[in-house]
Structures are given as C-alpha cells and as structure tokens.
Amino acid sequence: MIKAFAILTVLAALPATAFAQQNPQGAQGGAASGALTGAVGGAVVGGPVGAVVGGVGGAIVGGIIGDNTPKFREYVVTQRRPSYTYPEPVVVGGTLPRQGVTYYDVPSEYGRTEYRYTVVNNRTVLVDPATGRIVQVLD
C-alpha cells in the first residue's frame, strides 16, 4: 500500500505542463493524458476496476466531449430513436448483444469518432460496433 501511495504522490506532483508538452493536440490530447494518468493511478490503487474508474474520470479517447455532449444529447432526443431494453446495468465496459440492437452514426459536427451510438434503457451510449462494448454513457 505504501508503494501505491508513493506512485500516486509522484503522479500528483508532476506539473500539468509536462503532460501538455507531450500532447500537442490540445484539449483532446490533454483529455487522453488525463484518462491515461487516471487509469494508471486507479490500477495501482484498485487493480483492474480502479483502472476503469480512474480512466473514465479523465475522458474516453474518441468519445463525445466538452460542449458537444449536451448538443449531442439534444440531437439524439430529436431523432426519437427507440430504446433497447437491456437487463444488465448500462455501464462503460458492458457488452451489448450482437442481435437486436441498432447502431447509428454520430454526425461529424459532434466530433470525429469510430464509435456509433444507440439508446439503451433510455440512456444514450457510444458503442464500439465491432465488439458491442459500451465505451461512453452520455446520460
């Protein structure tokens, strides 16, 4: 436990400018660094579950972020997509079944992403269409 605390202390002490210099892509690069740093710190303290929680706290790379999030939610509401009923919790890392779920393209005005969206239990989610894995819950 002392070793984990020492690693987290070092991570917390690193100046933000060090991460910014390594990620010249701006805000999106900074978000990716935040997610990675959070995942590493979370893994040290809590193992795999800690990594998921720590990483999601930063951001999802390729997800819908910032000002685009409320605009995208509004867009989804206007589209009136049917909600898929799913008996499991709707959480990042959950996997939707291959049959019965309809995925929709994310318009480029909300950010370029390889993911698609759907509505599950009345919640908007981004999903990796190749695996059915939920990568971001937007509601």
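A quick note: this is a predicted structure, and the numbers were derived from the prediction, not measured.

Thresholds applied
All chains use their own residue numbering, which begins from 1 and follows the written sequence. Reporting of local features is limited, given that this is a predicted model, to residues whose pLDDT is at least 70; pairs of side-chain atoms are given and counted only at 80 or more, and all residues count toward the totals for whole chains, interfaces and linings. With hydrogens and water set aside, each side-chain value is computed from the structure's full complement of heavy atoms. For two strands to be treated as a pair, DSSP must find at least two bridges joining them. Helix numbers and strand numbers start at the N terminus; a helix is a DSSP run of H or I with at least 4 residues, a strand a run of E with at least 2. Residue contacts are counted whenever heavy atoms from the two residues lie within 4.5 Å of one another. To obtain each axis, a line is fitted to C-alpha atoms, and for helices this fit is confined to the stretch in contact; angles are then taken between N-to-C directions over 0 to 180 degrees. Expected helix span is given by 1.5 Å per residue-to-residue step, counting one fewer step than there are residues. Type-normalised accessible area, obtained with a 1.4 Å probe on protein chains alone, sets the label of each residue: buried when under 20%, exposed when over 50%, and partly exposed for intermediate values. Summarising the geometry, the arc corresponds to the directions from the helix axis toward the C-beta atoms.

Draft legend 1. Region of interest: the sheet that holds strand E3 (residues 123-128). Pairing is antiparallel across the open sheet formed by 4 strands, whose spatial order is E1-E2-E3-E4. Since the sheet does not close on itself, it has two edges, and those belong to strand E1 (104-105) and strand E4 (133-137), each with one partner. As defined by bridge partners, E1 adjoins strand E2 (residues 116-120) across 2 bridges and the pair is classed as antiparallel. Residue Tyr 104 lies in a different strand from E2, and its bridge partner there is Tyr 117. Strand contacts of helix H4 (residues 68-79): E2 and E3, with the helix running at about 65 degrees to E2, the strand carrying the most contacts.

Draft legend 2. View of H4. End to end, H4 covers 16 Å across 12 residues, agreeing with the expected 16 Å (1.5 Å per residue, within 8%). Considered for burial, the residues of H4 that qualify are Thr 69, Phe 72, Tyr 75 and Val 76. Down the axis of H4, the sector holding all buried residues measures 120 degrees, keeping them to one side. Of the exposed residues in H4, those oriented more than 90 degrees away from the buried face are Glu 74, Val 77 and Thr 78. Buried-residue contacts for H4 involve E2 and E3. Looking at the residues trailing H4, positive phi occurs at Arg 80, about 50 degrees.

Draft legend 3. Seen up close, unusual backbone geometry. In the Ramachandran plot, Arg 80 falls in the positive-phi region, its phi being about 50 degrees despite a non-glycine side chain. Mapping Arg 80 onto the fold places it in the loop between H4 and E1. Classification of Arg 80 by relative accessible area gives exposed; the value is 73%. Unlike most non-glycine residues, Asn 122 shows phi in positive territory, near 65 degrees. You can see Asn 122 is positioned in the loop between E2 and E3.

This is a description of form; function is not addressed.
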